[in-house]
Amino acid sequence: MNSNNPFFKTKSFKENSEVTHDAVVIDYNQTMTVSGTMNKSFLMLILLVASAAITWIMTFNGQNPIVFSIGGAIVGLVLVLIATFKPHLSGYLAPGYAIFEGLFIGGISAIFEAMHPGIVIQAVSCTFVTFMVCFGLYKYEIVQVTERFKSVVLAATLAIATYYLISWLLSMFTSFQPVHYGNSWMSIGISVFVIVIAALNLFLDFDQIEKGAQQKMPKYMEWYGAMGLMITLVWLYIEFLRLLSKISSRD
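In this report, the structure presented in the accompanying data block is examined. (Residues numbered from 1 in each chain as written. Predicted model: local features only at pLDDT ≥ 70, side-chain atom pairs only at ≥ 80, totals over all residues. Heavy atoms only, no water.)

**Considerations on the overall build of the protein chain**
Note the threshold: We count a stretch as a helix when DSSP gives it H or I for four or more residues in a row; a strand needs E for two or more, and each element gets its number in order from the N terminus. The cut-offs for exposure are 20% and 50% of the maximum accessible area for each residue type, with area from a 1.4 Å probe on protein chains only; residues under the lower value are buried, those over the upper are exposed, and the others partly exposed. Note on contacts: a residue pair qualifies if any of its non-hydrogen atoms lie within 4.5 Å across the two residues. Shrake-Rupley sampling with a 1.4 Å probe provides the accessible areas, and residues are treated as covered by the protein chains on show and by no other component.
Each helix and strand counted, the protein chain has eight helices and zero strands in total. If you list the helices and strands of the protein chain from N to C, you get α-α-α-α-α-α-α-α. Evaluated residue by residue, the protein chain yields a buried proportion of 45% over its 251 residues. In the protein chain, once contacts between residues fewer than 6 apart in sequence are set aside, the share between residues at least 24 apart is 85%. Of the roughly 13200 Å² of accessible surface on the protein chain, 70% is carried by carbon and sulfur atoms.

Spelled out as structure tokens, the structure:
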């Protein structure tokens, strides 16, 4: 039951999976389902896109969206941290995350679009196709989520997170130029690798959601699962933006 999505790697899924119900009839409508989680994920996507339109429009109207974008990113992170420890509040936190994260996505998308016209629709298309391919491979069991699979993806994800953190700190306080900056072939290769790992996270997220439904976790875990899936999709989209911008800048 361990997912490499940091959001899923909490006690919430584990603790809820250990709950037993002796001599209690559990109503299907009161437990987590895969369809319910996917429906909530779709609702979160709608909220995110609607919110993103705000900072997108601001940018192309000549207004600076930086305050809303950075504020949205910070609040979104705070909501994720709260949900990690208070999953029963996910019904309120997950929609809030979608709205505030949308402000960030809209702002950063507008900036990339201004530099490389047409890049946003490309990144959205790549993210959607990647999601559908991964979902199909998982659904038809072409890709099996084994313990070894989880361990490899987890190790790679932690390595990426550590590298990004160290690179950011060094670039902030020294003249160090991280290798993934710029548009060199090495930088492009790193972006491709990160996208592959982000895509592999989707398999673990699908597996986590399915197992949560099988173990009849509480209904609010649908929002929790949807929130975790949305985090992975946002990461994947941003990485596609970065990769496409590097490729475009070489033209």
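**Topic: the packing of helix α2 (residues 34-60) against helix α4 (residues 90-115)**
Between two packed helices, the angle of one axis relative to the other and the distance separating the axes together describe the packing. What counts, and what does not: With axes taken as lines fitted to C-alpha atoms, and helix axes fitted only over the stretch in contact, angles between N-to-C directions fall between 0 and 180 degrees. Here the angle decides the label: under 35 degrees means roughly parallel, over 145 means roughly antiparallel, 65 to 115 means roughly perpendicular, and every other value means oblique. Take the far helix as the reference: if the near one is turned anticlockwise from it by less than a right angle, the crossing is left-handed, and if turned clockwise, right-handed.
For the pair α2 and α4, interaxial distance at closest approach is 6 Å and the crossing angle is 40 degrees. With respect to their mutual orientation, α2 and α4 come out oblique. In terms of crossing hand, the pair formed by α2 and α4 is right-handed.

**Side note on unusual backbone geometry**
A positive phi angle, close to 60 degrees, is found at Glu141, a residue other than glycine. As for its position among the elements, Glu141 is in the loop between α5 (119-139) and α6 (147-173). Even without glycine at this site, Lys216 takes up a positive phi of about 55 degrees. Tracing the backbone shows Lys216 in the loop between α7 (185-214) and α8 (221-249).

**Brief notes about the pattern of salt bridges**
The condition is simple: Basic side-chain nitrogens of Lys or Arg form a salt bridge, by our definition, when they fall within 4 Å of a carboxyl oxygen of Asp or Glu.
Tallying each qualifying case throughout the model produces six salt bridges. Note that Lys211 is salt-bridged to Asp207, the shortest N-O span being 2.6 Å. Taken as a pair, Lys211 and Asp207 lie in helix α7 at a separation of four residues, close to a single helical turn. The exposure class of Lys211 is partly exposed, given its relative accessible area of 25%. The class for Asp207 is buried, based on a relative accessible area of 6%. Lys219 serves as the salt-bridge partner of Glu222, at 3.0 Å between the closest nitrogen and oxygen. Classification of Glu222 by relative accessible area gives buried; the value is 0%. Through salt bridges that share partners, Glu147, Lys150, Asp207 and Lys211 make up one connected network.

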